[in-house]
Amino acid sequence: MKSSKSPHSTSRRQIIKGAAAAGLAQIASPFVWSARAADNVKFGLDNPLTGVYAELGKNEQIGCELAIAEINAKGGILGRQVELLVEDSTSADTGTAVQKGRKLIERDKVDFLLGNVNSAMAIALGDLSNELKTLQIVTGGHTDSVTGTDCHWNVFRVCNTTRMETNAVAKTLFDKYGKKWYFITPDYAFGHTLQQGFEASLKEFGGTELGADLSPLGTTDYSAYLIKAQAANPDVIILLQAGDDAVNVLKQAVQFGLDKKFHIAGAQQELEVLNGLPPNARIGTWVFEWYWKQPGVPHLDEFVSAIRKRTGGKVPTARHWFGHVAVWSCALVANQEKTLDAVKLAKALENFKLPPEVALMPNDPFYRAGDHQLMPSLYVGEAMEHGAEPEDLFHVSQVVKGTDAALPVADTGCHLKWPT
Amino acid sequence: MTQLVLFNLFNGLIIGAFYALMALGLSLILNLSGVINFAHGGFLAIGGYLAYMLMPQIGFWGALAVAPILTALIGIAAERLFIRRVYGRDPLYSLLLTFGLAFMIEDGTRFIWGASTVPFAVPSYLSSSLSNEFFFLTGYRVFMVALVIAAVAALFLILGQTRLGMRIRAGTLDLETVSVLGINVRILRNVNFGLGIYLAGLAGVLAAGMLGLQPTIGSSLIMPSFVAIIVGGLGSLPGTLLGGLLIGAASGVVTVFYPSASEAVIYVMMALVLLVRPHGLLGEEGRF
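Residues numbered from 1 in each chain as written. Chains lettered and ligands numbered in written order. Predicted model: local features only at pLDDT ≥ 70, side-chain atom pairs only at ≥ 80, totals over all residues.

### Section: the overall build of chain A
What counts here: What counts as a helix is a DSSP run of H or I of at least four residues, what counts as a strand is a run of E of at least two, and both are numbered from the N terminus. Burial is judged by counting other C-beta atoms within 10 Å of a residue's own C-beta: 20 or more means buried, 12 or fewer means exposed, and anything between counts as partly exposed, with every C-beta placed from the backbone. Contact between residues is assigned whenever the C-beta positions, reconstructed from backbone atoms, fall within 7 Å.
The number of helices and strands found in chain A is 16 helices and 14 strands. Along the three orthogonal principal directions, the C-alpha set of chain A runs to about 75 × 70 × 45 Å. Among the 420 residues that make up chain A, the fraction classed as buried is 57%. Expressed as a percentage of contacts within chain A between residues at least 6 apart in sequence, the contacts between residues at least 24 apart total 71%.

### Thoughts on the overall build of chain B
Rule in force here: The globule rule used for comparison is 2.2 Å times the number of residues to the exponent 0.38, while the radius of gyration itself is calculated over C-alpha atoms.
Helix and strand content of chain B: 10 helices and 0 strands. In sequence order, the secondary structure elements of chain B are arranged as α-α-α-α-α-α-α-α-α-α. Relative to the compact-globule value of 19 Å for 288 residues, chain B shows a C-alpha radius of gyration of 19 Å, a close match. When the 288 residues of chain B are sorted by exposure, 56% land in the buried category. A separation threshold of at least 6 residues defines the contact pool for chain B, and within that pool the share at least 24 residues apart is 73%.

### A few points about the domain arrangement of chain A
All names here are of chain A. Basically, it comes down to this: An automatic or database domain assignment supplies the start and end points of every domain. Note that Gly is not counted as nonpolar here; it falls among the polar residues with everything else outside the nonpolar set of Ala, Val, Leu, Ile, Met, Phe, Trp, Tyr, Cys and Pro and the charged set of Asp, Glu, Lys and Arg.
Segmentation of chain A into domains returns domain 1 (41-160 + 296-375) and domain 2 (163-288 + 379-405). When each unit is reduced to the centre of its C-alpha atoms, the spacing between domain 1 and domain 2 is 27 Å. With 18 residues of domain 1 at the interface, the matching set in domain 2 holds 20 residues. For the side of domain 1 that touches domain 2, the secondary structure elements donating two or more residues are α2 (54-73) and α4 (119-131). Residue composition of the side of domain 1 that touches domain 2, by class: 9 nonpolar, 6 polar and 3 charged.

### Regarding the sheet that holds strand β13 (residues 377-383) of chain A
Each strand in a sheet pairs with another by means of backbone hydrogen bonds, the pair being arranged parallel or else antiparallel. Residues and elements named next belong to chain A. Filter applied, for reference: In this description, strands pair whenever DSSP reports at least two bridges between them. As a rule, the C-alpha atoms of each element are fitted with a line to give its axis, helices using only the stretch in contact, and angles between N-to-C directions run from 0 to 180 degrees.
What the 7 strands build is an open sheet, ordered β7-β6-β8-β9-β10-β13-β14; its pairing is mixed. Each of the sheet's edge strands pairs with one partner strand only, and the pair in question is β7 (208-215) and β14 (394-401). Across the sheet, the axes of successive neighbouring strands diverge by a mean angle of 25°, strand direction being ignored. Pairing geometry for strand β6 (residues 180-186) and strand β8 (residues 236-239), over 4 bridges, is parallel. Residue pairing for β8: Phe183 is matched across the bridge by Ile238. Strands in contact with helix α5 (residues 162-177) are β8, β9 (263-268), β10 (285-288), β13 and β14; relative to β9, the strand with the most contacts, it is inclined by about 160°.

### Thoughts on unusual backbone geometry
Residue and element names in this part refer to chain A. The residue Leu78 is not glycine, and still its phi comes out positive at about 55°. Judged by C-beta crowding, with 14 C-beta atoms within 10 Å, Leu78 ranks as partly exposed. For Lys338, which is not glycine, the phi dihedral falls at a positive 55°.

### Describing the sheet that holds strand β1 (residues 41-47) of chain A
All names here are of chain A. Spatially, 5 strands are ordered β2-β1-β3-β4-β5 in an open sheet, and the strand pairing comes out parallel. The open sheet is flanked by β2 (82-88) and β5 (155-157), the only strands paired with a single partner. Pairs of neighbouring strands in the sheet enclose a mean axial angle of 20°, with direction left out of account. As paired elements, strand β4 (residues 135-138) and β5 share 3 bridges and run parallel to each other. The partner of Gln136 across the bridge, within β5, is Val155. Lying on the sheet, helix α12 (residues 318-337) is in contact with β1, β2, β3 (112-114) and β4; it crosses β4 at an angle near 150°.

### Some remarks on the pairing of β8(A)
All names here are of chain A. Burial along β8 is two-sided: Val236 and Ile238 facing one way and Ile237 and Leu239 facing the other are all buried. As paired elements, β8 and β9 share 3 bridges and run parallel to each other. Each bridged residue has a counterpart across the sheet, and for Val236 the counterpart in β9 is His263.

### Overview of α4(A)
For an α-helix, 3.6 residues make a turn, and residues three or four places apart therefore share a direction. All names here are of chain A. Counted only if it meets this: Under the convention used throughout, the expected extent of a helix is 1.5 Å for every residue step, that is, one less than its residue count.
Here α4 spans 19 Å end to end across 13 residues, near enough to the 18 Å set by a 1.5 Å rise per residue. Within the span of α4, buried status applies to Ser119, Met121, Ala122, Ile123, Ala124, Leu125, Gly126, Leu128 and Ser129. Summarising the contacts, the buried residues of α4 are in contact with β1, α3 (94-107), β3, β4, β5 and α6 (189-205). Looking one or two residues beyond α4, the residue adopting positive phi is Lys133, at roughly 50°.

### Overview of the pairing of β4(A)
On a regular strand, one side chain projects to one face of the sheet and the next to the other, so that they alternate. Defined as follows: A crossover gets the label right-handed when its path from the first strand over the helix to the second runs clockwise, viewed with the strands pointing away from the viewer.
Of the two faces of β4(A), both are covered, the one formed by Leu135(A) and Ile137(A) as well as the one formed by Gln136(A) and Val138(A). Read as a crossover between parallel neighbours, the route from β3(A) over α4(A) to β4(A) is right-handed.

### Some points on the nonpolar core
Taken as a class, soluble globular proteins show a tendency for nonpolar side chains to be buried jointly. So the rule is basically this: Each nonpolar core comprises buried Ala, Val, Leu, Ile, Met, Phe, Trp, Tyr and Cys residues, the members being joined through C-beta atoms within 7 Å.
The biggest cluster of nonpolar side chains holds 127 residues, and the ones touching the most others in it are Phe43(A), Cys64(A), Ile237(A), Ile238(A), Leu250(A), Val287(A) and Val327(A). When residues of this core are assigned to their parent elements, the largest contribution, 11 residues, is made by α12(A). Both domains that meet at this core, namely domain 1 (41-160 + 296-375) and domain 2 (163-288 + 379-405) of chain A, each give it at least three residues. Discounting chain neighbours no more than four positions away, the residues touching Phe43(A) are Cys64(A), Val82(A), Leu84(A), Val110(A), Phe112(A), Leu114(A) and Val327(A). Counting 84 residues, the second-largest nonpolar core is a separate cluster that includes Leu32(B), Leu101(B), Val148(B) and Ala151(B).

### A closer look at the environment of His40(B)
Residue and element names in this part refer to chain B. Residue placement: His40 occurs in helix α2 (residues 40-81). Sequence separation of His40 and Gly25 is 15 residues, and the distance between their C-alpha atoms is 8.2 Å. For His40, the residues in contact, after removing those within four places along its chain, are Met22, Gly25, Leu26, Ala200 and Ile222.

### Re the packing of helix α1 (residues 2-33) of chain B against helix α9 (residues 237-257) of chain B
Residue and element names in this part refer to chain B. Worth spelling out the cut-off: Take the far helix as the reference: if the near one is turned anticlockwise from it by less than a right angle, the crossing is left-handed, and if turned clockwise, right-handed.
Contact pair α1 / α9: the axes reach a minimum separation of 6 Å and the direction vectors enclose 145°. Classified by chirality, the crossing of α9 by α1 is right-handed. Split into classes, the residues belonging to the contact of α1 with α9 amount to 19 nonpolar, 12 polar and no charged.

### Let's talk about α5(A)
Residues and elements named next belong to chain A. Put simply, the rule is: One axis fitted to the seven residues ending at a residue, another fitted to the seven starting there: the angle between these axes is the bend at that residue.
Over its 16 residues, α5 extends 21 Å from the first C-alpha to the last, a length consistent with the 22 Å expected when each residue adds 1.5 Å. At Val169, α5 is bent by approximately 35°, the largest bend along its length. Among the residues making up α5, those that are buried are Thr162, Arg163, Met164, Glu165, Thr166, Asn167, Ala168, Val169, Ala170, Leu173 and Phe174. Looking one or two residues beyond α5, the residue adopting positive phi is Gly178, at roughly 130°.

### Brief notes about the packing of α9(B) against helix α10 (residues 264-276) of chain B
All names here are of chain B. Put simply, the rule is: Should an angle fall under 35 degrees it is called roughly parallel, over 145 degrees roughly antiparallel, and 65 to 115 degrees roughly perpendicular, with every other angle called oblique.
Orientation of α9 relative to α10, taken along the N-to-C sense of each, is 130°, at an axis distance of 8 Å. Relative to α10, the element α9 lies oblique. Crossing handedness for the pair α9 and α10: right-handed. Between α9 and α10, the residues in contact are Ile247, Ala250, Ser251 and Val254 and Val265, Ile266 and Met269, respectively. Its residues assigned to classes, the contact of α9 with α10 shows 6 nonpolar, 1 polar and no charged.

### Here we look at the confidence of the model for chain A
Residues and elements named next belong to chain A. For clarity, the cut-off: Per-residue confidence from the predictor is reported as pLDDT, a score between 0 and 100.
Summary statistics for chain A give a mean pLDDT of 90 and a share of 91% for residues scoring 70 or more. Every residue in residues 1-9 scores below 50 in pLDDT, and together they form 16 contacts with partners more than four places removed in sequence or on other chains. Counting interchain partners and residues more than four positions distant, the pLDDT-below-50 stretch residues 26-35 has 19 contacts.

Spelled out as structure tokens, the structure:
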């Protein structure tokens with residue numbers, strides 16, 4: 001007898017294949033192309049334009065583009081115009097990021113490689129650029145090993161190490177809010193190293209870790225984690241999520257009223273996240289890597305208004321600053337040394353101090369010789385529902401020097417091997 | 001520990017109800033039209049963004065009522081313009097089409113509302129806990145479950161008691177005969193698609209109140225919904241509902257013991273169900 005199924009019915013196998021295809025879609029990415037000229041000095045930005053880090057990657061790109069325009073207006077590098085080639089690394093597929101990095105260096109012949117927001121990709125690209133002897137500035141991957149055990153002579157980093165961030169805020173949390181902490185940690189390199197940093201501080205101060213749970217990247221529902229954290233009854237719940245994950249966990253923590261019972265805190269916080277939160281969920285103690293409101297810092301207002309022009313009026317975030325600093329660092333040192341030779345430029349970048357118009361922060365940030373980590377200022381403070389201006393959502397209560405927050409070079413595990 | 005497991009089980013059921021709402025829409029479209037709608041997550045996002053846009057004018061409740069209807073209208077238009085053309089062809093066509101549509105919608109929302117997460121606030125009386133002990137029972141979550149129950153009841157009522165529902169059910173079983181009996185199958189499919197997308201739009205407004213509203217909000221929720229359909233059994237709407245509740249509960253309970261596997265567990269569950277009962281828990285044997 002003929003089965004009574006619909007003529008266009010679909011098999012279970014097709015559904016499963018389809019579901020697999022949906023998974024693949026997460027790593028598919030658009031092709032980004034820009035016009036180029038052969039004699040230009042080229043920067044290759046290999047950064048996420050799709051997926052969970054798309055917004056952060058895009059903001060770094062805007063910072064890079066502003067720097068490129070400024071450099072060209074001032075005569076370029078070694079008298080040549082400068083251009084930016086952009087590739088989408090995706091947010092989670094390291095293989096794609098490396099493939100795009102290889103394309104930028106080998107086929108497009110970029111002089112400088114920039115990226116990546118994702119820590120694992122930053123490490124993988126560091127290995128690649130080292131193999132191909134290209135100067136790389138890591139714009140936004142925070143895990144310690146980029147300028148620690150995985151460091152390279154050709155790799156410099158603008159954003160902080162995770163340890164710098166935890167060191168900057170740990171003492172405040174311990175002294176002000178209590179010694180029993182509970183961690184909810186994203187399950188990848190960035191989260192792991194942040195937690196390790198806090199654990200080291202907690203041990204040093206004599207505090208107690210009541211528990212720690214790993215949440216997969218891209219978790220949407222954090223209620224089960226928050227239920228566990230509440231049951232442990234800590235003084236401080238440390239949330240280490242970034243990007244959209246941070247929005248989700250904070251929104252849910254506030255809905256559960258956990259902010260009324262415990263102190264909510266963490267390390268890195270970004271304006272992108274606070275902007276995406278409803279006002280009542282803008283809570284907690286955090287570290288900002290750069291902030292757009294810093295009274296008395298020279299050239300800051302020019303930068304803010306230049307970025308506003310490129311973002312439809314939005315203020316710059318730390319990500320814009322990273323991109324801007326990364327491109328300018330290469331340009332400044334190349335013009336100073338009058339060469340594009342990667343080894344010579346890497347040597348010159350060691351202890352290179354950013355001029356005020358690029359630094360846009362106090363305490364004269366510089367690239368530390370020995371691990372190639374920028375030593376900037378770190379901004380410890382509290383998220384605010386509303387500030388004096390619509391995008392003023394963070395109250396800076398303390399500015400910490402990078403050199404005070406960073407581990408000594410000897411403890412980073414970095415041993416630079418220069419080419420012979 | 002028992003209390004923690006019970007808390008999580010209960011909480012998992014709340015989340016599961018939400019997955020079920022999304023999966024029911026997917027299932028409705030799949031059953032009648034044979035289309036695996038990958039763009040479902042995209043429509044969910046549209047629902048959320050429309051509500052976000054409407055809220056300053058008509059408030060949360062107004063937006064909750066209007067946004068899913070507008071989303072359904074967009075869905076109906078999409079069906080007429082695109083989806084209709086691939087009926088009767090190999091399912092690969094509809095797969096590819098909706099796959100592309102999902103990208104178009106995601107980039108479209110990014111273009112219109114930006115890549116940044118937008119702040120979507122629910123009324124303050126909904127966004128606090130109802131009791132100190134059961135703190136995870138927020139007004140919003142209870143409301144969400146109540147709404148899901150109401151929506152599911154309404155859907156089953158429509159399918160079971162109305163002429164339209166009868167036609168949809170009949171079409172699911174044998175579309176050709178339904179067509180021969182003089183029912184306009186084109187309109188039937190169009191309305192059915194709109195109904196499915198209405199559920200996606202509703203899920204979108206609810207999700208935006210709980211999660212960050214950004215262009216990828218749908219893609220992070222679509223996989224659990226597919227899993228709910230497969231676990232529950234293709235072709236069975238009660239199965240889809242059960243699948244959604246089960247994966248929500250499983251994910252919640254696993255978080256107590258091994259949190260980093262809280263997402264993986266739903267796929268393990270799917271694999272187990274496929275091994276032991278390939279047509280799903282309540283799926284009709286031999287139907288697919």
